[in-house]
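# Analysis of the macromolecular model
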Amino acid sequence: LTKGRKHMKIKDIILHRLQIPLTTPYHLAFGDLHHFDTVLVEVGDGDGGTGFGDATVIEAYSGESIDATWAFCRARAQEIVGDTAAGAHGSLMNFHHDNPFAVTSLVSAIEMLEGNAILAPTTEQRVPLLIPTTATALDAIPAEIDDLIGQGYGTLKIKVGFHVDDDLLRFATIQKAAAGRVLLRLDGNQGY
């Protein structure tokens, strides 16, 4: 916990349940996602300080459903309002094993409120982002790669885990189109 802020009291918590439509489906080993189900947490200290956390819930990743995550966050938020940041953090971590996404959304908001440097960058800091590639047609890949690099992304995430031969061919096409201009990250979770 950030020195001097661990005894700060949590005065209010606002929860938002969002369904964020995707313009392009997100391909995963267990199916395509057409929207993200997200819980956004806003924690306040009553003195103008605010922290944000979120969880985009994909049930196959942790076993948590959006309904269960929403219910968990609502119940825990009521319990920790009025508690110190340290106390809330400690009590939430008791639930982390069974509710990792839900707990992370709440704890991240608390840590941002405390002034965690990683969660509260200054306007001068650049936060590098990665973006997933979505093109599956080999002839569409070079244009997508050029577009993503042109937007300023320095790392591209390539979902694999579907069919090994197709994955290898798609990766080789992406690698050739990227031509060493960006980092490539393979994401094969639950696919192989």
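Residues numbered from 1 in each chain as written. Predicted model: local features only at pLDDT ≥ 70, side-chain atom pairs only at ≥ 80, totals over all residues. Heavy atoms only, no water.

### As for the overall build of the protein chain
Each helix and strand in the protein chain was counted, giving six helices and six strands. In sequence order, the secondary structure elements of the protein chain are arranged as β-β-β-α-α-α-α-β-α-β-α-β. Overall, the protein chain is about 55 × 40 × 25 Å in size when its C-alpha atoms are taken along their principal axes. Counting only contacts in the protein chain whose residues sit at least 6 apart along the sequence, the fraction spanning at least 24 positions is 67%. Summing over all exposed atoms, the protein chain offers an accessible surface of approximately 11,000 Å²; the carbon and sulfur share of this is 55%. Counting 15 positive and 24 negative side-chain charges, the protein chain places the centres of these two groups 6 Å from one another. (Helix = DSSP H or I, 4+ residues; strand = E, 2+ residues; numbered from the N terminus. Contact = heavy atoms within 4.5 Å. Areas by Shrake-Rupley, 256 points an atom, 1.4 Å probe, with all protein chains shown as cover. Lys, Arg positive; Asp, Glu negative; His and termini not counted. Charge placed at Lys NZ, Arg CZ, Asp CG, Glu CD.)

### A look at the confidence of the model for the protein chain
Overall, the prediction assigns the protein chain a mean pLDDT of 90, with 93% of residues at 70 or greater. For the protein chain, the element scoring lowest by mean pLDDT is helix α1 (residues 59-62), at 84; helix α2 (residues 66-80) scores highest, at 97. (pLDDT = per-residue confidence, 0-100.)

### Structural notes on the sheet that holds strand β3 (residues 50-56)
The strand order across the open sheet formed by three strands is β1-β2-β3, and the pairing between neighbours is antiparallel. The open sheet is flanked by β1 (12-28) and β3, the only strands paired with a single partner. Strand-to-strand twist across the sheet, computed as the mean angle between neighbouring axes with direction ignored, equals 20 degrees. With 13 bridges connecting them, β1 and strand β2 (residues 31-44) associate as antiparallel partners. Paired with Ile14 across the bridge in β2 is Glu42. Here α2 sits on the sheet and contacts β1 and β2; the angle it forms with β1, its principal contact strand, is near 160 degrees. Strand contacts of helix α4 (residues 100-114): β2 and β3, with the helix running at about 160 degrees to β3, the strand carrying the most contacts. (Pairing = 2+ DSSP bridges. Axes fitted to C-alpha atoms, helices over the stretch in contact; angles between N-to-C directions.)

### Brief notes about the nonpolar core
Judged by nonpolar contacts, the single largest core of 25 residues is most densely connected at Ile13, Leu15, Val41, Val43, Cys73, Leu92 and Ile110. Of all the secondary-structure elements, those providing two or more residues to this core are β1, β2, α2, α3 (85-93) and α4. When sequence neighbours within four positions are dropped, the list of residues in contact with Ile110 reads Ile10, Val43, Ile80, Ala85, Ala88, His89 and Leu92. Counting 14 residues, the second largest nonpolar core, distinct from the first, contains Ile149, Ile158, Ile174 and Ala178. (Core = buried A, V, L, I, M, F, W, Y, C linked by side-chain atoms within 4.5 Å. Buried < 20%, exposed > 50% of the residue type's maximum accessible area, 1.4 Å probe, protein only.)

### Here's the deal with the pairing of β3
Side-chain direction in a regular strand flips from residue to residue, so the side chains alternate between the two faces of the sheet. Side chains Gly51, Gly53 and Ala55 of β3 all project onto a buried face; the interleaved residues Thr50, Phe52, Asp54 and Thr56 project onto a face where none is buried. Here β2 runs beside β3; their pairing, made up of seven bridges, is antiparallel. Residue pairing in the sheet places Val39 in a bridge with Ala55 of β3. Two successive antiparallel strands, β2 and β3, enclose a turn made up of five residues, where Gly46 displays a positive phi of approximately 85 degrees.

### With respect to unusual backbone geometry
Phi angles above zero are rare outside glycine, and Ala179 is one such case at about 50 degrees. As for its position among the elements, Ala179 is in the loop between α6 (164-178) and β6 (183-187).

### Brief notes about the sheet that holds β6
Sheets are built from strands paired through backbone hydrogen bonds, the pairs being either parallel or antiparallel. One open sheet holds the three strands; their spatial order is β4-β5-β6, and the pairing between them is parallel. Strand pairing shows two members of the sheet lacking a second neighbour, β4 (130-132) and β6, which therefore form its edges. Taken pair by pair, the neighbouring strands of this sheet meet at an average axis angle of 30 degrees, ignoring direction. Pairing between β4 and strand β5 (residues 155-159): three bridges, direction parallel. Residue pairing for β5: Leu130 is matched across the bridge by Thr155. Its contacts with the sheet place α6 against β5 and β6, and it is angled at close to 165 degrees to β6.

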